[in-house]
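Spelled out from the first residue to the last, the chains are:
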Amino acid sequence: MTAPAWDAEYDVVVVGAGAGGMAAALTAKIEGCSVLLVEKTDRVGGSTAVSGGAVWAPLNAQSARVGHPDSFEKAWTYMRSTVGDAAPVGMQQAFLRQSAGMVDYFEKHTAVRLVARSYSPDYYPDRDGAALGGRSLDPAMFDGRELGPKFKELRDPLPEFMVLGGMMITMTDARHLLAVTRSFTSWREGMKLVLRFFSDRLRGYHRGTRVVLGNALAARLFKSVIDRGIPYWLDTPLQKLHLVDGAVAGVALLHEGKPTHVRARRGVVVATGGFPWSEALRGEQYPQPTGPWSMSPQDNRGEGIALARDAGAAMGQGHTNPAFWAPVSILERADGTVVRYPHLVWDRAKPGLMAVNGAGRRFVNESTSYHEFVRGMYRSHETVPTLPAYLVCDHDFMEKWGMGLALPGGRPRDHLLKAGYLYKAATLRALGDALGIDGAALEASAARFNAQAEQGRDDDFGKGGTAYNRYLGDAEQAPNACLGPLRQAPFYAVKVYAGDIGTAAGIACNEQAQALDAAGRPIPGLYMAGNDMHSVMGGEYPAPGITLGPALTFGWIAGRELAQAPADSDRSQSGHP
């Protein structure tokens, strides 16, 4: 295929402004390349901006300082005990050997600041090689005012990560806000948050400028893109990868309403967020039933993967799960809009919440990871309808913790009852009838659950049985931080579906982040990052941050590789792919 008439030329073109894309763009720029970053939406940040923001980077320099010295042997043992052969061994080792260097590089050259957690267990803490902290890092809080007017170009976080219509909070913040009437420390911290938020609104910001979680990571990467002078084009979807003599030589874009052809002298990085909103690819890759239940931005429809496949790239094989699962509850408003809530870490592990299937029976450890919870839903669904499943609690739980979109502390819930999101009844039997499941079975399940709560041990599913379970429970609840009874009427329930926070299946790549064809050969000039790359975790979920850690790491690797690659006119002479 011959080259088109190019409208612009850069060394590197990066498609997608999430963590993987911005990491690649920044690295290539820092290493001396001219770079164009393009994004199909009108905001920067992608899935990263709406995520919890954790970054799993074993062996990082902060691990020992927070009390958890690590080693390659220990981390590798844990990878083998969780991921196993679900992803190529070379890719797993490349990630482990490179992720700590990525953290150091961005600390030195960009505004990205990551802080290791002093206590945050890996999701399978009883397996060989697991760590209780140090491996997962959080982005440091970012002051959105540093972006100036471009703050509006940063994708907003999920509404569920905000209160008061625009104030971002972490789990620690939420605990302070719930305890403002019981603790002076919490009152002081809560007042700081609220005063800062209202000050921002009075100054005309559309939301609070105290930015945390994944929004802070996206903001720090975006600030670095601006500081480095990298041009970025918003509202610019990718339409085609141009192949010239078998190599990806550039891209066809729709920019400012016009077809635009941009040459990429060294190569193209595709990082468009995976395919959770592609009905066709979900039908090809997901177990059934599935539906529009993802927490990822609805723009993530798999165009990058589809166009890479058109250019000869192949999908990865051997994964255990095509997506990173999360139970999601869904509110359908009267105006037709839909709100999705991810039940990640707040309610399921707390004492007094029980999950049941369509037969009214428990089927899973409620305090397990969100990924394992949905795997449990699919396993149960093979014999008993479990899509949806039901989270059940009593009055005391609701007032203390809330459940999904139903907030604690006596806050209004009638709108949720009216919309059919929340169910309420005076007895468990009546609640089951309202849900369309066997009320007597639900009552019997609760009786057994309560008996196990009394003894502090869940013999059926092990709720509260691991350090990770207890980390998300209630430390004041003894003898089991995750077990408590359902006794006080009225009783409540919320339906949850097999949602996800992004896809794990993607384009097969090598250790240099190069896209591979069906024979395992690199496609010259084509690199992948983020959820467009086949997950180095193989669809397993070993710890918090295992999507953003690899996204940043392989974006960084792609940027370095591109900086060392010859220009397209020299590839045939050099032999470099």
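Residues numbered from 1 in each chain as written. Predicted model: local features only at pLDDT ≥ 70, side-chain atom pairs only at ≥ 80, totals over all residues. Heavy atoms only, no water.

Caption draft 1: Geometry of the packing of helix α4 (residues 171–178) against helix α5 (residues 184–202). With their axes 8 Å apart at the nearest point, α4 and α5 run at an angle of 115 degrees to one another. Judged by the inter-axis angle, α4 sits roughly perpendicular to α5. Crossing handedness for the pair α4 and α5: left-handed. Residues Asp173, His176 and Leu177 of α4 pack against Thr185, Ser186, Glu189, Gly190 and Leu193 of α5. A per-class count over the contact of α4 with α5 returns 2 nonpolar, 4 polar and 2 charged. (Axes fitted to C-alpha atoms, helices over the stretch in contact; angles between N-to-C directions. Helix = DSSP H or I, 4+ residues; strand = E, 2+ residues; numbered from the N terminus. Parallel < 35°, antiparallel > 145°, perpendicular 65-115°, else oblique. Left-handed = near helix turned anticlockwise from the far one by under 90°. Contact = heavy atoms within 4.5 Å. Nonpolar A, V, L, I, M, F, W, Y, C, P; charged D, E, K, R; others polar.)

Caption draft 2: Layout of the side chain of serine 136. Topologically, serine 136 is positioned in strand β5 (residues 136–139). What makes serine 136 buried here is its relative accessible area of 2%. From its side chain, serine 136 meets the backbone oxygen of proline 544 in a polar contact 2.8 Å long. In this structure, serine 136 is in contact with Val55, Trp56, Val115, Ala116, Arg117, Ser120 and Pro544, ignoring residues within four places of it in sequence. (Buried < 20%, exposed > 50% of the residue type's maximum accessible area, 1.4 Å probe, protein only. Polar contact = N/O pair within 3.5 Å; in protein donor to acceptor, adjacent residues only side chain to side chain.)

Caption draft 3: Molecular detail of the packing of aromatic side chains. For the structure shown, the criterion picks out 19 aromatic pairs. Taking the centre distance of 6.3 Å and the plane angle of 10 degrees together, the rings of phenylalanine 72 and tryptophan 76 count as stacked. Note that phenylalanine 72 and tryptophan 76 are positioned in helix α2 (residues 72–82) at a spacing of 4 residues, about one turn of the helix. With respect to burial, phenylalanine 72 and tryptophan 76 carry one shared label: buried. A centroid spacing of 5.3 Å and a plane angle of 35 degrees characterise the contact between tryptophan 293 and tyrosine 497, whose relative ring orientation is tilted. Remark: tyrosine 497 occurs in strand β19 (residues 491–503) and tryptophan 293 occurs in the loop between α7 (279–285) and α8 (303–310); sequence separation between them is 204 residues. Taken together, the ring pairs in this structure connect Tyr123, Phe324, Tyr370, Tyr468 and Tyr541 into an aromatic cluster. Geometry around phenylalanine 72 places arginine 97 over its ring, the cationic atom sitting 4.0 Å from the centre. Directly above the aromatic system of tyrosine 124 lies the positively charged group of arginine 127, at a separation of 4.3 Å from the ring centroid. (Phe/Tyr/Trp six-rings, centres within 6.5 Å; stacked < 30°, edge-to-face > 60°. Lys NZ or Arg CZ within 6 Å of the ring centre and 35° of its normal.)

Caption draft 4: Expanded view of empty space enclosed by the protein. Inspection of the entire model under this criterion finds 2 cavities of 30 Å³ or more. Of the pockets and cavities examined, the largest cavity occupies roughly 120 Å³. Gly530, Asn531, Ser535, Thr547 and Pro550 are the residues nearest the centre of the largest cavity, which is lined by 16 residues in total. Residue composition of the lining of the largest cavity, grouped by class: 10 nonpolar, 6 polar and no charged. The wall of the second largest cavity is formed by Gly166, Met167, Met168, Leu193, Arg196, Phe197, Asp200, Gly208, Thr209 and Arg210. Residue assignment for the lining of the second largest cavity shows that the elements contributing at least two residues are β8 (167–168) and α5. The leading source of residues in the lining of the second largest cavity is α5, at 4 residues. (1 Å grid on protein atoms, 1.4 Å probe; cavity = no way out; pocket = protein on both sides within 12 Å on 5 of 7 lines; lining within 4 Å. Points joined across faces, edges and corners; volume = space filled by probe spheres on them.)

Caption draft 5: Up close: the environment of glutamine 564. With respect to the secondary-structure elements, glutamine 564 resides in helix α15 (residues 548–564). In this structure, the C-alpha to C-alpha distance between glutamine 564 and arginine 448, residues 116 residues apart in sequence, is 63 Å.

Caption draft 6: Focus on a nonpolar patch on the surface. Together, Phe184, Trp187, Met191 and Leu195 line one region of the surface with nonpolar side chains, adding up to about 440 Å² of accessible area. Position of phenylalanine 184 relative to the elements: it lies in helix α5. (Patch = residues over 30% accessible without salt bridge, like charges linked within 9 Å, V, L, I, M, F, W, Y side chains within 5 Å. Areas by Shrake-Rupley, 256 points an atom, 1.4 Å probe, with all protein chains shown as cover. Salt bridge = Lys/Arg side-chain N within 4 Å of Asp/Glu carboxyl O.)

Caption draft 7: How the structure looks around the side chain of glutamate 540. Of note, glutamate 540 is situated in the loop between β21 (522–528) and α15. At 2.6 Å, the side chain of glutamate 540 and the side chain of threonine 320 are in polar contact. Within the structure, the side chain of glutamate 540 is placed 2.9 Å from the side chain of arginine 375, a separation counted as a polar contact. Every residue in contact with glutamate 540, bar those within four places of it in the chain, is listed here: Thr82, Val83, Tyr124, Thr320, Asn321, Phe324, His371, Arg375 and Ile546.

Caption draft 8: Expanded view of the environment of valine 163. Mapped onto the elements, valine 163 comes out in strand β7 (residues 162–163). On a C-alpha basis, the gap between valine 163 and alanine 174 in space is 9.3 Å, while along the polypeptide they are 11 residues apart. Dropping the residues within four chain positions of it, valine 163 is found in contact with Ile169 and Leu177.

Caption draft 9: Summary view of the pattern of salt bridges. Taken as a whole, this structure holds 28 salt bridges when the rule is applied. For the salt bridge of arginine 155 with aspartate 299, the shortest nitrogen-to-oxygen distance reads 3.3 Å. Here arginine 155 is found in the loop between β6 (142–143) and β7, whereas its partner aspartate 299 is found in the loop between α7 and α8, with 144 residues between them in sequence. The exposure class of arginine 155 is buried, given its relative accessible area of 15%. Accessibility expressed as a relative area gives 31% for aspartate 299, which makes it partly exposed.

Caption draft 10: Region of the structure containing the confidence of the model for the protein. Within the protein, residue pLDDT values average 94, and 98% of them lie at 70 or more. Here residues 571–577 scores under 50 on pLDDT; set against residues more than four positions off or in separate chains, the count is 18 contacts. (pLDDT = per-residue confidence, 0-100.)

Caption draft 11: Structural detail: helix α13 (residues 439–455). When the terminal C-alpha atoms of α13 are compared, their 25 Å separation across 17 residues agrees well with the 24 Å that a helix rising 1.5 Å per residue should span. Where α13 is concerned, the buried positions are Gly439, Ala441, Leu442, Ser445, Ala446, Phe449, Asn450, Gln452 and Ala453. Looking at the buried residues of α13, the elements they touch are β16 (354–356), β17 (389–394) and α12 (428–435). Backbone nitrogen of alanine 440 and a side-chain oxygen of the N-cap are separated by 3.0 Å at the start of α13; the cap is aspartate 438. Just downstream of α13 lies glycine 456, where phi reads positive at about 75 degrees. (Expected span 1.5 Å × (residues − 1).)

Caption draft 12: Unusual backbone geometry, seen in detail. Going from leucine 387 to proline 388, the amide bond is cis rather than trans, its omega being 15 degrees. For the peptide bond that leads from alanine 478 to proline 479, omega is 5 degrees, which places it in the cis range. For proline 479, the position within the fold is in the loop between α14 (467–471) and β19.

Caption draft 13: Main features of the sheet that holds β5. In space, the 3 strands of this open sheet follow the order β3-β5-β4, with antiparallel pairing throughout. The sheet is open, and its two borders are formed by β3 (55–56) and β4 (114–116), each paired with just one other strand. As paired strands, β3 and β5 are joined by 2 bridges and run antiparallel to one another. Within β5, the position partnered with tryptophan 56 by the bridge is serine 136. (Pairing = 2+ DSSP bridges.)

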